[in-house]
Amino acid sequence: MVAAHEARLHVATSVDDAVAVLTEAGGDAVPMAGATWLMRAELRDEPIRPLYVALGRIEALKGVEIAADAVSIGACVTHAELAGGLAGLPEMRGLAQAAGHAATPAVRAVATVGGNLAASGFAAADLAPALLAADAEVEVAGSNGTERLPLAGYLATRDQAAAGSLIVRVIVPRGDCVSAHTRLPLRVAGDYPVAIVSMNVAVSPDGTIADLRIGVGSVEPVAARWTALEEALASQPLDPEAAATAAREHAGVFAPRDGVEASGAYRVRVLPALVRRAIEALAASR
Ligand SMILES: Cc1cc2nc3c(=O)[nH]c(=O)nc-3n(C[C@H](O)[C@H](O)[C@H](O)COP(=O)(O)OP(=O)(O)OC[C@H]3O[C@@H](n4cnc5c(N)ncnc54)[C@H](O)[C@@H]3O)c2cc1C
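What you see is a predicted model; the values in this text were computed from it and never measured.

1. A look at the pattern of salt bridges
So, point 1. Taken as a whole, this structure holds ten salt bridges when the rule is applied.
So, point 2. For arginine 148, the salt bridge goes to glutamate 137, with nearest N and O atoms at 2.8 Å. Separated by eleven residues along the polypeptide, arginine 148 in strand E7 (residues 145-150) and glutamate 137 in strand E6 (residues 137-142) bring together distant segments of the chain.
So, point 3. Note that aspartate 211 and arginine 213 form a salt bridge whose closest N and O atoms lie 3.6 Å from each other.
So, point 4. Residue classification places aspartate 211 among the partly exposed positions, given a relative accessible area of 40%.

So this is what it looks like as structure tokens:
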């Protein structure tokens, strides 16, 4: 057992340096980005680690780069930087809303994309459903090199990742689509969202849905796509009421989590309203 004042800090200078130090320390070290999640470890009854590897000085983890076909987001980009960096890209509006409305201004100024996605046990992450809806991939560095995997695959395996595994960047494809992010924050939940619905849609010339991805966060322990609803709404017009009805019919697919702030049943019950709001926003932004 390590007391907080006994923990050591290594300020990494490069991705290779961070991976090497984390790998050598095994389970005794973890990456540290904005530390907004890590600093509350004791409140969650999680142990203080002997060593923290600070990522904030690594240039390769910074910056939002916008190319014609994709946006590359460094793991240490903060929520505030992400919201600002995506302003003016209509297809990224949902992701920009997720980054710009999560938490508080003070937290958004330091909390990073990598930390939001890597914080296992954190079900209410706003960026996870928004990036699932955006079909994002994650580049992960480790002692065996770098690999790129779909975000869903990363979220499913992050708990078993080898020591030294580090998110380097998130890659979001661009396209002729629009996106929206809706959430229900609750005061009793410390303003964390009790349910989140993110959508990304490509619309046919006749106004019907050509391609739809829906990410749902905070309902189950890990954010996931709502494929049953995606299939139900395929080729349909962007009709908020019809979408909310379909959401009610397909809400049984979730295995929702109970929490002190909201029951699992409540999280599922609010989903149709969030779906309605998301479809309204998508229809308005075309
Ligand atoms: C008051 C408050 C309100 C909040 N409200 C919201 C909200 O409404 N919506 C929301 O989404 N979030 C909310 N959060 C949570 C916040 O978004 C997360 O704490 C934050 O995103 C974590 O990022 P970080 O950079 O601070 O990560 P850290 O605390 O530094 O790290 C978090 C975890 O990720 C790991 N990690 C960090 N970077 C990497 C990397 N590059 N590769 C691999 N592992 C890494 C760390 O080892 C640790 O396990 C809130 C937090 C606070 C304190």
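2. Overview of the pairing of strand E11 (residues 209-217)
So, point 1. Among the nine residues of E11, seven are classified as buried, and the element is accordingly described as predominantly covered.
So, point 2. Counting the residues in the hairpin turn of strand E10 (residues 193-203) and E11 gives five residues, including glycine 207, whose phi is positive at 90°.
So, point 3. The sheet contact formed by E11 and strand E12 (residues 224-225) spans two bridges and is antiparallel. Bridged to valine 216 within E12 is alanine 224.
So, point 4. Hairpin remark: E11 followed by E12, antiparallel, with six residues in the connecting loop; positive phi at serine 218, about 75°.

3. Thoughts on the side chain of threonine 78
So, point 1. Turning to its location among the elements, threonine 78 is positioned in the loop between strand E5 (70-74) and helix H2 (79-86).
So, point 2. Judged by relative accessible area, which is 9%, threonine 78 ranks as buried.
So, point 3. Apart from the residues lying within four places of it in its own chain, the contact partners of threonine 78 are Arg108, Ala109, Val110, Ala111 and Thr112.

4. Considerations on the packing of aromatic side chains
So, point 1. According to the stated counting rule, one finds three aromatic pairs in the structure shown.
So, point 2. Arranged with centres 4.8 Å apart and planes meeting at 35°, the rings of tryptophan 37 and phenylalanine 122 form a pair that is tilted. Pair noted here: tryptophan 37 is in the loop between strand E2 (29-32) and strand E3 (51-54) and phenylalanine 122 is in the loop between helix H5 (113-118) and helix H6 (127-133), with a separation of 85 residues, a long-range link.
So, point 3. Of the residues examined, tryptophan 37 reaches a relative accessible area of 23% and is grouped as partly exposed.
So, point 4. Where phenylalanine 122 meets tyrosine 192, the ring centres are 5.8 Å apart and the plane angle is 80°; that geometry is what we call edge-to-face. Here tyrosine 192 lies in the loop between strand E9 (178-185) and E10 and phenylalanine 122 lies in the loop between H5 and H6, a separation of 70 residues in the sequence.

5. Here's the deal with the sheet that holds E2
So, point 1. Within the open sheet, the three strands sit side by side as E1-E3-E2. Their pairing is parallel. Here the strands that pair on one side only, and so sit at the sheet edges, are strand E1 (8-11) and E2. The mean inter-strand angle of the sheet, taken between neighbouring strand axes irrespective of direction, is 25°.
So, point 2. Strand direction decides the pairing type here: E2 and E3, joined by four bridges, are parallel. Bridge pairing in E3 places alanine 29 opposite leucine 51.
So, point 3. Against the sheet, helix H1 (residues 15-25) makes contact with E1, E2 and E3, and its axis sits at roughly 165° relative to E3, the strand it touches most.

Here is what the cut-offs are and how they apply
Residues numbered from 1 in each chain as written. Predicted model: local features only at pLDDT ≥ 70, side-chain atom pairs only at ≥ 80, totals over all residues. Heavy atoms only, no water. Salt bridge = Lys/Arg side-chain N within 4 Å of Asp/Glu carboxyl O. Helix = DSSP H or I, 4+ residues; strand = E, 2+ residues; numbered from the N terminus. Buried < 20%, exposed > 50% of the residue type's maximum accessible area, 1.4 Å probe, protein only. Pairing = 2+ DSSP bridges. Contact = heavy atoms within 4.5 Å. Phe/Tyr/Trp six-rings, centres within 6.5 Å; stacked < 30°, edge-to-face > 60°. Axes fitted to C-alpha atoms, helices over the stretch in contact; angles between N-to-C directions.

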